[in-house]
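Take a look at the letters that make up each chain.
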Amino acid sequence: MKKTWWKESVVYQVYWRSFYDSNGDGIGDLEGLLLKLHYIKDLGADVIWLNPMYQSPDKDNGYDISDYYGVMEKAGDMQTVERLISEVHNLGMKIIMDLVVNHTSDQHPWFLASRSSKDNPKRDWYIWKDAKDGKEPNNWRSYFAPSPWTLEEKTGQYYFHSFAAEQPDLNWENREVREEIYRIMRFWLDKGIDGFRMDVINLLAKQKDYRDAANPYDLSYLGNNPGIHEYLQEMNHEVLKHYDIMTVGEIPFVTPEDGLLYVGEDRNELHTLFHFQVADDMPSWDMLRYKEIQKQWYEGLKGKGWNSQFLNNHDHTRQVTRYGNDGEYRVESAKLLGTLVHTMPGTPYIFQGEEIGMTGVCFENISDYRDIAMKNKYNELVRRGEDPVQVLKDLQPLSRDNSRTPVQWDDSKNAGFTSGISWIKVNPNYKEINVKRELETPDSVFHYYKNLIALRKENEVMVYGDYADHSDGQEELYIYTRSLGEVTWLIVLNQSERTNEVKLPEIAHGTGKELLLGNYAEIPVGDSAEKLVMHPYEARIYRILNKR
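The rules behind these values
- Residues numbered from 1 in each chain as written.
- Predicted model: local features only at pLDDT ≥ 70, side-chain atom pairs only at ≥ 80, totals over all residues.
- Heavy atoms only, no water.
- Salt bridge = Lys/Arg side-chain N within 4 Å of Asp/Glu carboxyl O.
- Helix = DSSP H or I, 4+ residues; strand = E, 2+ residues; numbered from the N terminus.
- Core = buried A, V, L, I, M, F, W, Y, C linked by side-chain atoms within 4.5 Å.
- Buried < 20%, exposed > 50% of the residue type's maximum accessible area, 1.4 Å probe, protein only.
- Phe/Tyr/Trp six-rings, centres within 6.5 Å; stacked < 30°, edge-to-face > 60°.
- Lys NZ or Arg CZ within 6 Å of the ring centre and 35° of its normal.
- Pairing = 2+ DSSP bridges.
- Axes fitted to C-alpha atoms, helices over the stretch in contact; angles between N-to-C directions.
- Parallel < 35°, antiparallel > 145°, perpendicular 65-115°, else oblique.
- Left-handed = near helix turned anticlockwise from the far one by under 90°.
- Contact = heavy atoms within 4.5 Å.
- Expected span 1.5 Å × (residues − 1).

**Structural notes on the pattern of salt bridges**
The tally for this structure, following the rule as stated, stands at 37 salt bridges. Notably, a salt bridge pairs R400 with D60, separated by 3.1 Å at the nearest N-O pair. On the criterion of sequence distance, the pair formed by R400 in the loop between α12 (388–395) and α13 (435–440) and D60 in the loop between β3 (54–55) and β4 (67–71) is long-range, its members being 340 residues apart.

Following this line, the structure appears as structure tokens:
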């Protein structure tokens, strides 16, 4: 396993429209990010992942692109992007951008031409099919709508969209499409960006016959289809291998065996991936399932490929609300989850606001939500006759807007995010949870994250160390080691609301232990050479001394 800068990095995700508003229009922008770069640098992050800021009608918060070479007016302009790249580099950090090439906006000139007539030269740049028995070509569903097919009245054919109707899928079988995408990638790489987070990159290849699905609600038929690895190997050959960059693929519906095909170091495709066996498939905390997932991915990729570690992002509810305790033990829980992510094998990701323990939100009215996926689902279920109050209640916990409320900078109006009217409501708890308070509090979540990141930078065992779980079968405790050469670290987590006694693994018996980091100021009475007594949501990182 070779050592590289991107394996050793900590990535900070900036969802810019909710990060910081510099001009008072209620929407975060790139100038706002420029003003807060030193905050990210002070935290210790190495890489900024910037969500899409390309020209877009903004139906899906920038994931519907109408011009890959332009910049959305809400975000800024090309000069601002160039300044951002330069300033990030001046601070010794790197920046990666979202690459959204499974689909475009329906307002992209390519699609406007494609839909204009059946004989337009760009007709084959998208996926068009005739009706089947007078209706949609198959029984599939999309992520955002009951059907992935929308009828174009003018030509009498349906176009395909894995997401919203405003996001038609590109036809990657068309060589011209692929070549144009590669030109776009080179354009941004030549501007100096340091890589790409690739949006739903395993959806590029489609099932050839578009046959009906046995279970249309299991969307796995949208991804990992024959041809996908040929596309990615071609992309690597044509573009990626010519730059010293980082690539991370958003890849749903994969097991470790599938994942290795995308990130194997001998495969010449991508560097690392986001899999979603946790974020998509584990709606609430399940310690046994989480351990099983980590074990399988570690064993599946060990020495051959690289993983990513995250528990929340712009599409998933904030981790302290979903997987922790955002009430009495919010601070302790936020620190514990941070410890978990940063001590697991793979590159850790921080989603903006996670480092201050921001929580999910629960708006009272559907009108307060902005998430197109949630709103479409709400409308579908209400039209079906379901109770609107219950539908809203059912959709709230996993709404993407849980993670999209503005970063809470201070306790002033709008949490210091904007001087205008925020594009989405601020979480009401900003008076208690905000950056200003975190920076002023020595034992805050922010300072704990800062210490975690510093430990990772200073100790290769956190990056390249072997992983072993010593707590198999325990539902509240997670006890594992990271080992590299003669160095062994022991991580102990009590993911529960009660005090727990921890029996230490044999590797820690009769040896000295140096506490490197913990999320409680005081260690409980009762610790010994062979056991620990752990507070609720307590996390500790030890260095094992005099290992047998």
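**Quick word on the nonpolar core**
Counting 128 residues, the largest nonpolar core has I40, M53 and M185 as the members making the most contacts within it. Listed in part, the 17 residues of the second largest apolar core include F144, F163, A213 and I372.

**Side note on the packing of aromatic side chains**
One pass over the full model with this rule turns up 40 aromatic pairs. Seen in terms of ring centroids, W110 and W125 are 5.1 Å apart; in terms of plane orientation they differ by 65°. Their pairing is edge-to-face. Here W125 lies in the loop between α4 (109–114) and β6 (128–129) and W110 lies in helix α4, a separation of 15 residues in the sequence. When its relative accessible area of 10% is taken as the criterion, W110 is described as buried. Here W125 falls in the buried class, since its relative accessible area comes to 6%. An aromatic cluster is present here, built from Y54, Y68, Y69, W110, W125, F187 and W188 joined pairwise through their rings. Here the basic side chain of K36 rests over the ring of W409, its NZ or CZ set 4.2 Å away from the ring centre. Sitting over the face of the ring of W125, K122 holds its NZ or CZ atom 4.5 Å from the ring centroid.

**Observations regarding the sheet that holds strand β11 (residues 272–274)**
Strand pairing in a sheet relies on backbone hydrogen bonds, with the paired strands running either antiparallel or parallel. Spatially, β1-β2-β5-β9-β10-β11-β12-β13 is the arrangement adopted by the eight strands of the closed barrel, whose pairing is parallel. Strand-to-strand, the axes of this sheet are offset by a mean angle of 25°, without reference to chain direction. The sheet contact formed by strand β5 (residues 94–99) and strand β9 (residues 195–198) spans three bridges and is parallel. The residue of β9 that forms the bridge with D98 is R197.

**Description of the packing of helix α10 (residues 330–343) against helix α14 (residues 445–458)**
Pairs of packed helices are described in terms of their axes, by the angle between the two and the distance that separates them. Relative to each other, α10 and α14 sit at 15°, their axes nearing to 10 Å. Regarding the angle of α10 to α14, the classification is roughly parallel. Between α10 and α14 lies a crossing of right-handed hand. Each of V331, A334, K335, G338, T339 and H342 in α10 lies in contact with α14, whose residues at this interface are V445, Y448, Y449, L452, I453 and R456.

**Some words on α10**
Along an α-helix, residues three or four apart share an orientation, since each turn contains 3.6 residues. With 14 residues, α10 extends 20 Å from end C-alpha to end C-alpha; this agrees with the ideal 20 Å at 1.5 Å per step. Judged by how many residues are buried, α10 sits mostly within the fold: 13 of 14 residues are covered.

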